[in-house]
Amino acid sequence: MKSLAAFQPSRGALSATLLALGLALPGVAAAETVGHVDTAFKLIGRNHQVVVEAFDDPSVRGVSCYVSRARTGGLKGTFGLAEDTADASVACRQVGDISFSSPLREQEEVFSQSASILFKKVRIVRMVDPKRNTLVYLVYSDRLIDGSPQNSVTAVPVPASIPIPLR
């Protein structure tokens, strides 16, 4: 009988698999930290914070979004073991000439970031309102079992001379 170790992938194989999965994810943007403010002092570990991050819509050139969200501090937060609250806000703006790399889905996730060590994420979904030629962005937090109804929405009107291409 073979030992269990014979069936475990090597670190290199596991890293290659995770990298391949990350590259296979459809157009989900990565965020850059713009800044943060401390909201509560923690004697050990980092303080509780509100973090502001920016990302560019991966399918719409000329649109950037800014997300503010709570980040838990203390020892658990410092080591990535804490679960952040569902508080988040989003503001998306036209920052340049708008163009589309390909036709858009009517609704598509454009940003996702972990809010706990397991199963909780902050997500941003782009929705297209073709009647008003507008891109609508919704931020919310979900969890495998029990998500939160807390959310925030913002909209970016696209000039009438640029129709939004849909799939």
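Everything below is about the structure shown above.
Presented here is a report on the structure given in the accompanying data block.

What counts, and where the lines are drawn
Residues numbered from 1 in each chain as written. Predicted model: local features only at pLDDT ≥ 70, side-chain atom pairs only at ≥ 80, totals over all residues. Heavy atoms only, no water. Salt bridge = Lys/Arg side-chain N within 4 Å of Asp/Glu carboxyl O. Helix = DSSP H or I, 4+ residues; strand = E, 2+ residues; numbered from the N terminus. Buried < 20%, exposed > 50% of the residue type's maximum accessible area, 1.4 Å probe, protein only. Phe/Tyr/Trp six-rings, centres within 6.5 Å; stacked < 30°, edge-to-face > 60°. Pairing = 2+ DSSP bridges. Axes fitted to C-alpha atoms, helices over the stretch in contact; angles between N-to-C directions. Contact = heavy atoms within 4.5 Å.

**A short note on the pattern of salt bridges**
Then, in step 1: All told, the structure shown has 6 salt bridges when counted by the stated rule.
Then, in step 2: With a shortest N-O distance of 2.9 Å, R123 and E109 are connected by a salt bridge. Here E109 lies in strand β5 (residues 107-114) and R123 lies in strand β6 (residues 120-129), a separation of 14 residues in the sequence.
Then, in step 3: For E109, a relative accessible area of 25% corresponds to the partly exposed category.
Then, in step 4: What emerges from the salt-bridge pattern is a single network uniting D57, R105, E108 and R126.

**As for the packing of aromatic side chains**
Two numbers describe a pair of aromatic rings. These are the distance of the centres and the angle of the planes.
Then, in step 1: Applying the stated rule across the entire model yields 1 aromatic pair.
Then, in step 2: Measuring from centroid to centroid gives 4.8 Å for F55 and F111, while their planes differ by 10 degrees, and the two rings are stacked. Taken together, the residues span a long stretch of sequence, with F55 in strand β2 (residues 48-56) and F111 in strand β5 at a distance of 56 residues. There is no split in this pair, since F55 and F111 are both buried.

**Details of the sheet that holds β2**
Then, in step 1: In space, the 4 strands of this open sheet follow the order β1-β2-β3-β4, with antiparallel pairing throughout. On the outer flanks of this sheet lie β1 (32-40) and β4 (88-100), each paired with one strand and no other. Ignoring which end each strand starts from, the neighbouring axes of this sheet average 15 degrees apart.
Then, in step 2: Bridge analysis of β1 against β2 gives 7 bridges, and the strand direction is antiparallel. Counterpart to V37 in the pairing with β2 is V50.

**Section: the environment of A30**
Then, in step 1: With respect to the helices, strands and loops of the structure, A30 is situated in the loop between α1 (11-24) and β1.
Then, in step 2: Take A30: its relative accessible area is 67%, and that puts it in the exposed class.
Then, in step 3: Those residues within four positions of A30 in sequence are excluded, and the remaining contacts are A54 and F55.

**A look at the pairing of β2**
Then, in step 1: Where β2 meets strand β3 (residues 60-71), 8 bridges bridge the pair, whose relative direction is antiparallel. In the sheet register, D56 faces β3, and the bridge partner there is S64.

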